[in-house]
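Survey of secondary and tertiary structure
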Amino acid sequence: MPDITLTIDGVAVTVPQGTGLVEAAREAGIEIPVFCHHPKLVPVGMCRMCLVEIGTPKIDPATKQPVLDENGKPVIAMQPNLQVACTNPVSNGMVVKTNTAEVEFARKGVLEFLLTSHPLDCPVCIKGGECPLQNLTMGYGPSVSRFDYDDKVHFEKPIPLGPLIDLDRERCILCSRCVRFEDEIAGDSVLGFANRGRAWMIQSKSNPPFNSKFSGNTVDICPVGALMNGEFRYAGRVWEIKPVPTVCPHCPVGCNMTLDMRYRDIKRVQPRSNEWVNEIWLCDRGRWGFHFVTSDKRLTKPLVRRGGELVETTWQEALEDIAQRLHGVVQNFGGNAVGGLAGGRLANEDLYLFQKLFRELLQSPNIDSRNGTLDEPEHDDLAYAFGLASGTDLGQLGKGTTVLVVGADPEEEAPVHLLRLRGIKRRGGELIVANGRPTKLDASATRTVRYQYGHEAHFVLGLLSAVLEGGSENKEFVRSRTKNLDALRTALRPFGVAAVAEQIGVAADVFQAVAQSVAGAENLVIVYGREAFAAGTPLLQALGNLALITGHVGRPGNGVLPIMRYNNSRGALDMGVRPGKGPGYTNVVKEGLTAQQMVQAAGNGKLQALYIAGLDPVAANPASRAALEKVGLLIVQDLFLTPTAQIADYVLPASSFAERDGTYTNAERRVQRFRAARNNLGDSRPDWQIFAGLGRALAAMVRQPALDTVAASAGKPTGKRPAPAQPVATARTWLYRSTDDINAEIVQQVAIYKGASYAQLKSSHGTWGRQAADDPVFYDGTSYTNTEGFGVQWPTLAEQTNVVFDLVFSQPTTPQPRNGELLLVAAPRLYDGGTLMQNAEGLSFWVAQPYVGVAKADAERLGIASGDRLRLSSAQGNVELYAKVDGLVGPGTLLVPDLAEIPLGQVQTGVLTPVRVEKVEG
């Protein structure tokens, strides 16, 4: 669009067409104060604080050209009344005056009216020190009020607007920012206005109250102290806290945020703006889910099992003993007898050292980042090849973009992705949501597709057929960048549009419409989540083929976006914590065991030692306990004494994300740094320090010490420490002073991270949010400067234009329930009640009670009513849950929320588990 030139207070300003007048003035450094206006919300002009004088060139009705004065300049026709700046877009030749006497008089009047019933409680108000009303009153308001203090309207206050947010109705200026955020950005119409006149107020319209996973953002953007973080109220003043930059540890979005510290205590969590990742938003779990850091259940001392009990020990003794015993296992049984599991919650620096410890020192290929459950998902390699290309900003995509969501529930798996996908739709993009059940994103979708569970791959194969049958493939891209198209066409013959439509119950015209939208889009983003991973290789390969044959890879705005389970699941794969692939997705000599195979090897005696960091296989699958108890040496490194830690020989206390530095890599492959905000709790240590200490101890050993009890017991603790081994020079390679040293090695050794040094991560920073000059006038809800950068996104394989890809095919299979069995599906839940939700009392309100959702048709057939207790049985075992007859559950399916309280591992035999259902009487 062409640029527009206008004049504001005599200053010529040139901005893009469509820019609002408030933003144009801000670009020129000219103040137009606002309350209701927010740059991410639709302007409404409610508060009238931004009143200005506006004039436009006078147009000759006959010639349709501007009328010129005697000097040849356009004659400006000023509007007879003041105009709100926020709702007026700029136009060529516009003249704006922001500092006339009439404008100043109007501003004083607006502020005087706002203050008529506003309490004079600034010294105790939670917003004191960062309050726009305070600032604008000082800058533009009257020095004396003409209203009688006794005439102020008073309300009961504060009142809980929801379990996390309190409302002071006397402070509210009715700007509607909170209502508009929930309606426009979050898609949760849970707030509204009640009453009229001076009794006009905000209220919750939902039951339960303020039912939104994004409620905390309304506190951020509230320009007064009306909406309050219930936990921060009276907990401290803003000038007493120090914001420390960090990255959210809860999901793969990787939201930038700050831990606001008062001495050692985390007082609140605020969003740290990053337009590439989370803009200025956080979900409520990210905001209030920090209390596990200070839980009294945290491990603070190393533990060793003696006499059947776990007792405290020192770090030196623990590391030396573990090193001696691991060395003994390797000497006597070989590296294949050792296994390691490190979860996707660990930082990149931890994960890199973990795989180095196993591959270089223990000579073991057996490492993985999964729990070893029977429903464990595939490792995702699609993003390495076809992920969103470098330079992609979801916040800039709109018209011309199609988003295809398959087998994902972004609200529950990666909440801020939900906001970003809704934003693409608002800006004119197409949003197609295909799932086996309804999700919140359906309400925002251009089109929804409902397939039967077990037919996920069939749906995408039908799309591929629709593209090829319609000749909509990108022929030039397919010719130059792919191989085996003819073989793919042959494999797809049984999966033609008509055949698949009949098989899975989706109309043929739906396939054709979706295929046309996907193939014809300028940009295509394919989002897939937990349920798509569950469908395995056939679906993932089909998604890759869809991106390839339509040519939507290797350029900004295009590619796949996997929603993985943990915040750093992508980093775990990048660092090579998986069998068969080293750091940077390089091939390794030995394939190694998967997590599931390690659990099986532990049970049959083939695995002599197992090191588990940041995972809890026993909680995920209680049946694995018996197998793990047979391991000669079980080492667990974690924040808490988890069910797996309770059976360990050694338990090592790890630091939380708030107590150490490092980097995480989010779902979009963006490497981001986080900083330590507090000291370690007790004697806990960062994971990388533990691995480095153990590495030094192992590297110093040249031969197995002469300790018969170690070899005889495969390393059962004896209570005695072995004699010290002779040091060798290789121990120096494990001398890491800080995460800086590890990052430097990663940048050197891992090709895809060569641009992700700490210096480069920091150099990507800029300024954001409310800057010093804007504090009194333009409040967008944030108040910190981004000093840690916006992160670095490593490039995909498809961005190398000389790489040619195979079009591959895997035959899909479909679960076959027998004898009246139903398919059990575990639905992800953001509020899962897991270990990282400990002590979060406000969030615990939203943790669902355990239940099993039953379709109405199945309930009628089986004589089941809501509240009946059901036993779900499979070959693995059984679990008992209360029934909830649910119209959103499809026939033949049982939907169970994936909560920590529900031991799904007792019954699951795979991702989709056929189960027998029977009522439990009494």
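1. Examining unusual backbone geometry
Note the cis peptide between Lys157 and Pro158, where omega equals -15°. Here Pro158 shows up in the loop between helix H3 (132-140) and strand E7 (159-160). Cis peptide bonds are those with omega within 30 degrees of zero, and the linkage from Asn207 to Pro208 qualifies with 5°. Tracing the backbone through its elements, the reader meets Pro208 in the loop between strand E10 (201-204) and helix H5 (216-221). Of note in this structure, Asp9 is not a glycine but carries a positive phi near 50°. Tracing the chain through its elements places Asp9 in the loop between strand E1 (3-8) and strand E2 (11-16). Within the chain, Lys64 stands out as a residue other than glycine whose phi angle is a positive 60°.

2. Some details on a nonpolar patch on the surface
On the surface, a nonpolar cluster with roughly 230 Å² of combined accessible area is contributed by Val44, Met46 and Trp200. By the element assignment, Met46 lies in the loop between helix H1 (21-27) and strand E3 (51-57). Residue classification places Met46 among the partly exposed residues on the basis of a relative accessible area of 33%.

3. So, the side chain of Glu821
Take Glu821: it is sitting in the loop between strand E31 (805-806) and strand E32 (822-827). Among buried Asp, Glu, Lys and Arg side chains, Glu821 stands out as unpaired, with Arg916 the closest opposite charge at 4.4 Å. A polar contact of 3.0 Å, which involves the side chain of Glu821, links it to the backbone nitrogen of Arg818. Beyond its immediate sequence surroundings of up to four residues, Glu821 is in contact with Pro914, Val915 and Arg916.

4. Points about the sheet that holds strand E27 (residues 650-653)
Hydrogen bonds between backbone groups are what pair the strands of a sheet, and the pairing can be parallel or antiparallel. Taken in spatial order, the seven strands make up an open sheet running E16-E15-E27-E26-E25-E17-E18, and their pairing is mixed. Pairing within the sheet leaves two strands with one partner each, and these edge strands are strand E16 (309-312) and strand E18 (367-368). Most of the contacts of helix H23 (residues 687-699) go to strand E25 (residues 609-613), to which it runs at about 155°, and overall it touches E25, strand E26 (633-638) and E27.

5. Some thoughts on the state of the cysteines
Here the structure, examined in full by the defined rule, presents zero disulfides. Looking at Cys36, it has no disulfide partner, and the nearest cysteine sulfur is the one in Cys47, 3.7 Å off. Residue classification places Cys36 among the buried residues on the basis of a relative accessible area of 1%. With no disulfide partner, Cys255 has as its closest neighbouring cysteine sulfur the one in Cys248, 5.9 Å distant.

6. Thoughts on the domain arrangement of the protein
Here the domain parsing of the protein yields domain 1 (3-99), domain 2 (121-133 + 145-294), domain 3 (311-374 + 568-749), domain 4 (382-562) and domain 5 (822-920). Centre-to-centre separation of domain 1 and domain 5, based on C-alpha positions: 58 Å.

7. Description of the packing of helix H8 (residues 348-361) against H23
H23 packs onto H8 with a crossing angle of 20° between their chain directions and a minimal axis gap of 8 Å. Regarding the angle of H8 to H23, the classification is roughly parallel. For H8 against H23, the interelement crossing comes out left-handed. Residue-level inspection shows Glu349, Asp350, Leu353, Phe354, Leu357 and Leu361 of H8 in contact with H23, the latter providing Asp687, Trp688, Phe691, Ala692, Leu694, Gly695, Leu698 and Ala699. A per-class count over the contact of H8 with H23 returns ten nonpolar, one polar and three charged.

8. What to know about the packing of aromatic side chains
With the rule as written, the count across this model stands at 20 aromatic pairs. Pairing Trp734 with Tyr736 gives two aromatic rings, centres 6.2 Å apart and planes at 90°, and the pair type is edge-to-face. A residue is classified by how much of its surface remains accessible, and Tyr736, at 9% relative accessible area, is buried. A cation over a ring is seen here: Arg669 above Trp794, with NZ or CZ 5.0 Å from the ring centre.

9. Things to note about the nonpolar core
Among the nonpolar cores identified, the biggest contains 108 residues, and Leu326, Phe459, Phe511 and Tyr611 are the most heavily contacted of them. Per-element accounting of this core gives the leading share, nine residues, to helix H12 (residues 456-469). For this core, the two domains that each supply at least three residues are domain 3 (311-374 + 568-749) and domain 4 (382-562). If we skip the residues at most four places from it in the chain, Tyr611 touches Gly339, Gly340, Leu341, Phe354, Leu357, Phe358, Ile635, Gln637, Leu652, Ile690, Phe691 and Leu694. Core analysis: the next-biggest nonpolar cluster, separate from the first, contains 92 residues, Cys47, Leu111, Leu394 and Tyr831 among them.

10. Structural notes on the pattern of salt bridges
This model, assessed by the stated rule, comprises 48 salt bridges. The shortest N-O distance in the salt bridge between Glu531 and Arg437 comes to 2.9 Å. Of this pair, Glu531 sits in helix H17 (residues 530-535) while Arg437 is found in the loop between strand E20 (430-435) and strand E21 (447-450), placing the two residues 94 residues apart along the sequence. Since its relative accessible area comes to 9%, Glu531 is described here as buried. The buried category is assigned to Arg437, whose relative accessible area is 6%. Here Lys919 ties to Asp868 by a salt bridge, and the two come within 3.8 Å at their closest N and O atoms. Of this pair, Lys919 sits in strand E37 (residues 913-919) while Asp868 sits in the loop between helix H28 (856-862) and strand E34 (869-873), and the two are 51 residues apart along the sequence. Residue class for Asp868 comes out partly exposed when judged on its relative accessible area of 22%. Residues participating in the shared-partner salt-bridge network are Lys40, Glu275, Glu279, Asp393 and Arg420.

11. Some thoughts on helix H18 (residues 537-549)
In a regular helix each residue adds 1.5 Å, so 13 residues correspond to 18 Å; H18 covers 18 Å between its end C-alpha atoms and thus fits that length. Most of H18 sits out of view: eleven of its 13 residues are buried. Of all the residues in H18, the buried ones are Pro538, Leu539, Leu540, Ala542, Leu543, Gly544, Asn545, Leu546, Ala547, Leu548 and Ile549. Immediately beyond the C-terminal end of H18, within one or two residues, lies Gly551, with a positive phi of roughly 75°.

Rules and cut-offs
Residues numbered from 1 in each chain as written. Predicted model: local features only at pLDDT ≥ 70, side-chain atom pairs only at ≥ 80, totals over all residues. Heavy atoms only, no water. Helix = DSSP H or I, 4+ residues; strand = E, 2+ residues; numbered from the N terminus. Patch = residues over 30% accessible without salt bridge, like charges linked within 9 Å, V, L, I, M, F, W, Y side chains within 5 Å. Areas by Shrake-Rupley, 256 points an atom, 1.4 Å probe, with all protein chains shown as cover. Salt bridge = Lys/Arg side-chain N within 4 Å of Asp/Glu carboxyl O. Buried < 20%, exposed > 50% of the residue type's maximum accessible area, 1.4 Å probe, protein only. Lys, Arg positive; Asp, Glu negative; His and termini not counted. Polar contact = N/O pair within 3.5 Å; in protein donor to acceptor, adjacent residues only side chain to side chain. Contact = heavy atoms within 4.5 Å. Pairing = 2+ DSSP bridges. Axes fitted to C-alpha atoms, helices over the stretch in contact; angles between N-to-C directions. Disulfide = S-S within 2.5 Å. Domains from an automatic or database assignment. Parallel < 35°, antiparallel > 145°, perpendicular 65-115°, else oblique. Left-handed = near helix turned anticlockwise from the far one by under 90°. Nonpolar A, V, L, I, M, F, W, Y, C, P; charged D, E, K, R; others polar. Phe/Tyr/Trp six-rings, centres within 6.5 Å; stacked < 30°, edge-to-face > 60°. Lys NZ or Arg CZ within 6 Å of the ring centre and 35° of its normal. Core = buried A, V, L, I, M, F, W, Y, C linked by side-chain atoms within 4.5 Å. Expected span 1.5 Å × (residues − 1).

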